[in-house]
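Each chain is listed here by its residues.
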Amino acid sequence: MATLLDGKKLSQKICAALKSKIAKIERLKDKKPGLAVVLVGDHSASQIYVAKKEKTAREFGFYSEVHRLPAASEEKEILNLIKYLNESPKIHGILVQLPLPAHIQTQAILNAVSPLKDVDGFHPLNLGRLFIGDPLFIPCTPQGVMELLKEYRIEISGKSAVVIGRSLIVGKPLAHLLLGQNATVTICHSKTKNLEEVCQTADILISAMGKPHFIKNSFVKEGAVVVDVGINRFHHKIVGDVDFENVQKKASFITPVPGGVGPMTIALLLQNTFKSFERSAS
Ligand code: NDP
């Protein structure tokens, strides 16, 4: 039976360490790191994610603002809000919750966030810096996956890693981070032929496709490390991309959903916000 890669536990550890650092700084300087979240529209999953981010930020000593804008908001209104947040001394991290309504050009909004407050790491400058090996902010989900692998001392160098998904938010940066640690990386997507066979070659198999229970036992090499980034609503439950019940019998390590990569994403968001705060103070 696989060992669980317990993201809930590790995220609590990261957040608790941040909380004690913040408490110390607050006593000395009466300042705390601030996170602003921008939510446009009433996408139900986004509302849940934003509420969770706000609650966790407050619980661990951060100042938190959530700006909720109606779905019909014009691009200019969102850009004005971002300009205000870029200039606000109380705010060190800005997160624009995705997806944005269809009439908004997502990239134009992401480009407007100051790269110095872009704690999600989605600004082209930050993605570019990541790709040249000089990162300022690394996208939180891929960074969270790497922290989990590190915590459980999973060897990456020389291993074969297969990443399913090529989004700018998860798949591409994650593949790059694995490459940076000397894995031999294969990126798969919806046009990949023989996905099952490609997955069978993986020492480390990471799924970020968003398809409930797609990754069956037969996709997994005996003893592989399986990381499930997927968050899917399925029969009124949240499940991952991996058929956890069966795959856990074959894998050496596996992330649960929920309780795996999800909480790590929030912990890294707070860690990035804290780093931005420290940088602004130095
Ligand atoms: P996207 O929809 O942007 O990307 C999905 C990727 O999966 C695409 O590259 C797509 O290929 C690929 N894909 C889809 N179907 C198949 C298939 N049948 N075979 C092979 N590849 C396939 O999603 P995101 O990257 O934003 O998110 C992926 C998942 O991770 C979602 O479930 C999301 O909810 C979850 N997520 C979880 C987070 C967390 O904190 N745990 C944070 C962010 C996301 P193509 O490019 O060809 O379309």
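The rules behind the values
- Residues numbered from 1 in each chain as written.
- Predicted model: local features only at pLDDT ≥ 70, side-chain atom pairs only at ≥ 80, totals over all residues.
- Heavy atoms only, no water.
- Pairing = 2+ DSSP bridges.
- Helix = DSSP H or I, 4+ residues; strand = E, 2+ residues; numbered from the N terminus.
- Right-handed = clockwise from strand over helix to strand, strands pointing away.
- Phe/Tyr/Trp six-rings, centres within 6.5 Å; stacked < 30°, edge-to-face > 60°.
- Buried < 20%, exposed > 50% of the residue type's maximum accessible area, 1.4 Å probe, protein only.
- Lys NZ or Arg CZ within 6 Å of the ring centre and 35° of its normal.
- Core = buried A, V, L, I, M, F, W, Y, C linked by side-chain atoms within 4.5 Å.
- Domains from an automatic or database assignment.
- Contact = heavy atoms within 4.5 Å.
- Axes fitted to C-alpha atoms, helices over the stretch in contact; angles between N-to-C directions.
- Salt bridge = Lys/Arg side-chain N within 4 Å of Asp/Glu carboxyl O.
- Expected span 1.5 Å × (residues − 1).
- Near = heavy atom within 4 Å.
- Polar contact = N/O pair within 3.5 Å; in protein donor to acceptor, adjacent residues only side chain to side chain.
- Areas by Shrake-Rupley, 256 points an atom, 1.4 Å probe, with all protein chains shown as cover.
- Nonpolar A, V, L, I, M, F, W, Y, C, P; charged D, E, K, R; others polar.

A. View of the pairing of strand β6 (residues 184-188). Pairing geometry for strand β5 (residues 160-164) and β6, over five bridges, is parallel. Opposite Ile164, over in β6, you have Cys188 as the bridge partner. Note that the unit made of β5, helix α7 (residues 171-180) and β6 has a crossover that is right-handed.

B. Focus on the packing of aromatic side chains. This structure, assessed with the given rule, holds three aromatic pairs. Considering the side-chain rings of Phe214 and Phe219, the 6.0 Å spacing of their centres and the 75° angle between planes classify their relative orientation as edge-to-face. With a relative accessible area of 36%, Phe214 lands in the partly exposed category. The ring of Phe137 has Arg279 sitting right over it, with the charged end atom 5.0 Å from the ring centre.

C. Broad picture of the nonpolar core. If you look at the biggest cluster of nonpolar residues, it comprises 48 residues, and the most contacted ones within it are Phe62, Val145, Leu149, Leu178, Ile206 and Val227. It is helix α10 (residues 261-281) that contributes the most residues to this core, eight residues altogether. In terms of domain composition, this core takes at least three residues from each of domain 1 (30-115) and domain 2 (140-262). Those residues within four positions of Phe62 in sequence are excluded, and the remaining contacts are Leu18, Ile22, Lys32, Pro33, Ala57, Leu270, Thr273 and Phe274.

D. Summary view of the sheet that holds strand β3 (residues 63-69). The three strands are arranged β3-β2-β4 in an open sheet whose pairing can be described as parallel. Each having just a single partner strand, β3 and β4 (93-96) make up the two edges of the open sheet. Strand-to-strand twist in this sheet, taken as the mean axis angle between neighbours without regard to direction, amounts to 15°. Strand direction decides the pairing type here: strand β2 (residues 34-40) and β4, joined by four bridges, are parallel.

E. Representation of the domain arrangement of the protein in the model. When its domains are assigned, the protein resolves into domain 1 (30-115) and domain 2 (140-262). A separation of 28 Å is found between the C-alpha centroids of domain 1 and domain 2.

F. Layout of the side chain of Ser11. Locating Ser11 in the fold gives a position in helix α1 (residues 7-29). Judged by relative accessible area, which is 5%, Ser11 ranks as buried. Residues in contact with Ser11, not counting those within four places in the same chain, are Pro263, Met264 and Ala267.

G. Highlighting the pattern of salt bridges. In total, this model carries six salt bridges according to the counting rule given. A salt bridge links Glu26 to Lys32, with the shortest nitrogen-to-oxygen separation between them at 3.9 Å. Owing to a relative accessible area of 31%, Glu26 belongs among the partly exposed residues under this scheme. A relative accessible area of 32% places Lys32 in the partly exposed class. Taking the shortest distance from any N to any O, the salt bridge between Glu87 and Lys83 comes out at 3.6 Å. Of this pair, Glu87 and Lys83 are both found in helix α3 (residues 75-87), four residues apart, which corresponds to roughly one turn of the helix. Overall, Glu87 belongs to the exposed group, its relative accessible area being 57%.

H. Just α3, in detail. Relative to the 18 Å expected for 13 residues at 1.5 Å per residue, α3 spans 19 Å between its end C-alpha atoms, a close match to the ideal helical length. Of the surrounding secondary structure, the elements contacted by the buried residues of α3 are β2, β3, β4 and α4 (106-112).

I. Structural context of the sheet that holds strand β8 (residues 225-228). The strand order across the open sheet built from six strands is β1-β11-β8-β7-β5-β6, with neighbouring strands paired in parallel fashion. Of all strands in the sheet, those bounded by a partner on one side alone are β1 (3-4) and β6. Here β5 pairs with strand β7 (residues 204-207) via four bridges, running parallel. Looking across to β7, one finds that Ala161 is bridged to Ile204.

J. Seen up close, the site of the ligand. As a matter of local geometry, the ligand sits amid 21 residues, with Arg166, Ser167, His189, Ser190 and Thr265 nearest to it. One nitrogen or oxygen atom from the main chain of Ile231 is found 3.1 Å from an oxygen atom belonging to the ligand. Between Thr265 and the ligand, the recorded distance is 2.7 Å, taken from a side-chain N or O atom to an oxygen atom. Calculation on the ligand without its partners gives an accessible area of 930 Å², and the protein chains cover 71% of this total. Among the elements that make up the shell around the ligand, the one with the highest residue count is α10 (three residues). Classifying every residue of the shell around the ligand gives nine nonpolar, ten polar and two charged.

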